[in-house]
Amino acid sequence: MDQRLSRAARRAGAGLGLALALVAGALAPAAAEAGPAGAARTEEDTVRIMPLGDSITGSPGCWRALLWADLVEAGHTDADFVGTRPGDGCGFEYDGDNEGHGGFLVTDVADRGLLVDWLARTEPDVVLMHFGTNDVWSGIPAETVLDAYSVLVAQMRDQNPRMRVLVAQIIPMDPARSCAGCGRGVEELNAAIPAWAAGEGTAESPVTVVDQWTGFDTDTDTYDGVHPSGSGDRRIADRWLESLLPLFS
């Protein structure tokens, strides 16, 4: 499932890159940046954001590029995307660090404790988690996926007790005849996420549900029924942006 973005998506990214070329250069290393009033910005002023998931997040995951550009355009040059994986080409320069691992199951990541090392190496303040597509593809029940989510959230809080966790209701799947139960599996997982999040969140470390499912059309917003096209990347970035902006207040 680790596939490349379509030519159309690449063209869309390239067009955006021309429009945002000056904006993209605004994000320099935190210690050397200047704030709005010209004061030096320190490392403590940055908001470290980890995009976490599978190939929808990481291969190439150009919604991350669009989201980063949107944050910069909104004046949030204090955003620092973090992860042990570098970004792929999306038509313009952007902060590409991420934890998008093509083909990975969230249940396997939880069972193997993989996130613990990723967190220790990157120290995020915020995690954007779109994870579970491969689990649904593998027929893993929603309850088991949510148990894995809980393991990951506990690991996040062990690393940072004030972690802000944004969890996606994942985008729909409609792979042609490859996974007859995938569409229904996504619906069942997404329907269960809000109640899970309500029980998992705390005042110090809230869990916010981000609806990436509603209005996402697999015919136009994916190129294969699973992975986002250019329009899909735009939709995903917009939904994350809406939930991220309050964290910069």
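Report follows, based on the coordinates. (Residues numbered from 1 in each chain as written. Predicted model: local features only at pLDDT ≥ 70, side-chain atom pairs only at ≥ 80, totals over all residues. Heavy atoms only, no water.)

### So, the overall build of the protein chain
The helix and strand inventory of the protein chain stands at 11 helices and six strands. Considering only intrachain contacts with a sequence separation of at least 6, the fraction spanning at least 24 residues in the protein chain is 77%. As displayed, the protein chain offers around 10800 Å² of accessible surface, 51% of which is attributable to carbon and sulfur atoms. (Helix = DSSP H or I, 4+ residues; strand = E, 2+ residues; numbered from the N terminus. Contact = heavy atoms within 4.5 Å. Areas by Shrake-Rupley, 256 points an atom, 1.4 Å probe, with all protein chains shown as cover.)

### A word on unusual backbone geometry
Going from Ser59 to Pro60, the amide bond is cis rather than trans, its omega being -5°. Residue placement: Pro60 occurs in the loop between helix H3 (55-58) and helix H4 (62-73). Non-glycine residue Glu123 carries a positive phi angle of around 50°. Within the secondary structure, Glu123 sits in the loop between helix H6 (114-122) and strand E4 (126-130).

### Description of the packing of aromatic side chains
Throughout the structure, instances matching the rule amount to three aromatic pairs. Between Phe92 and Tyr94, the ring centres sit 6.0 Å apart and the planes meet at 55°, which makes this aromatic pair tilted. On the numbers, 5.4 Å between centres and 65° between planes, the contact of Tyr149 with Trp196 is edge-to-face. Here Trp196 lies in helix H9 (residues 182-200) and Tyr149 lies in helix H8 (residues 142-159), a separation of 47 residues in the sequence. (Phe/Tyr/Trp six-rings, centres within 6.5 Å; stacked < 30°, edge-to-face > 60°.)

### What about the pairing of E4?
By the criterion of burial, E4 is predominantly enclosed, with five of the five residues buried. Of the two faces of E4, the one carrying Val126, Leu128 and His130 and the one carrying Val127 and Met129 are both buried. Pairing geometry for strand E1 (residues 47-53) and E4, over five bridges, is parallel. Residue pairing across strands places Gly53 opposite His130, the latter belonging to E4. (Buried < 20%, exposed > 50% of the residue type's maximum accessible area, 1.4 Å probe, protein only. Pairing = 2+ DSSP bridges.)

### Things to note about the pattern of salt bridges
Oppositely charged side chains are able to pair whenever their charged atoms sit close together. Scanning all chains against the criterion turns up eight salt bridges. The partner of Asp108 in a salt bridge is Arg112, and the shortest N-O contact between them spans 3.1 Å. Placement of the pair is Asp108 and Arg112 together in helix H5 (residues 106-112), with a separation of four residues, close to one helical turn. Judged by its relative accessible area of 53%, Arg112 falls in the exposed class. Residue Arg121 pairs with Asp117 through a salt bridge whose shortest N-O separation is 3.3 Å. With Arg121 and Asp117 both in helix H6, this residue pair falls four residues apart, about one helical turn. Relative accessible area serves as the criterion here: at 56%, Arg121 is assigned to the exposed category. Through salt bridges that share partners, Asp70, Arg234 and Asp238 make up one connected network. (Salt bridge = Lys/Arg side-chain N within 4 Å of Asp/Glu carboxyl O.)

### Description of the environment of Ser55
Here Ser55 lies in helix H3. In sequence terms Ser55 and Phe104 are 49 residues apart; their C-alpha atoms lie 8.0 Å from each other. Within the structure, the side chain of Ser55 is placed 2.9 Å from the side chain of His227, a separation counted as a polar contact. (Polar contact = N/O pair within 3.5 Å; in protein donor to acceptor, adjacent residues only side chain to side chain.)

### Points about the state of the cysteines
Enumeration over the complete set of coordinates arrives at two disulfides. Paired through a disulfide, Cys62 and Cys90 show a sulfur-sulfur distance of 1.9 Å. One quick way to see it: the torsion about the S-S bond of Cys62 and Cys90 is about -90°, and its sign makes the bridge left-handed. Of this pair, Cys62 sits in helix H4 while Cys90 is found in the loop between strand E2 (79-81) and strand E3 (99-100), placing the two residues 28 residues apart along the sequence. What makes Cys62 buried here is its relative accessible area of 7%. Judged by its relative accessible area of 5%, Cys90 is buried. The residue that forms a disulfide with Cys179 is Cys182, at a sulfur-sulfur distance of 1.8 Å. Sign of the S-S torsion, about 85° for the bond between Cys179 and Cys182, identifies this disulfide as right-handed. (Disulfide = S-S within 2.5 Å.)

### Brief notes about the environment of Trp68
Topologically, Trp68 is positioned in helix H4. The buried category is assigned to Trp68, whose relative accessible area is 2%. Sequence-wise, Trp68 and Ala79 are 11 residues apart; in three dimensions their C-alpha atoms are separated by 7.8 Å.

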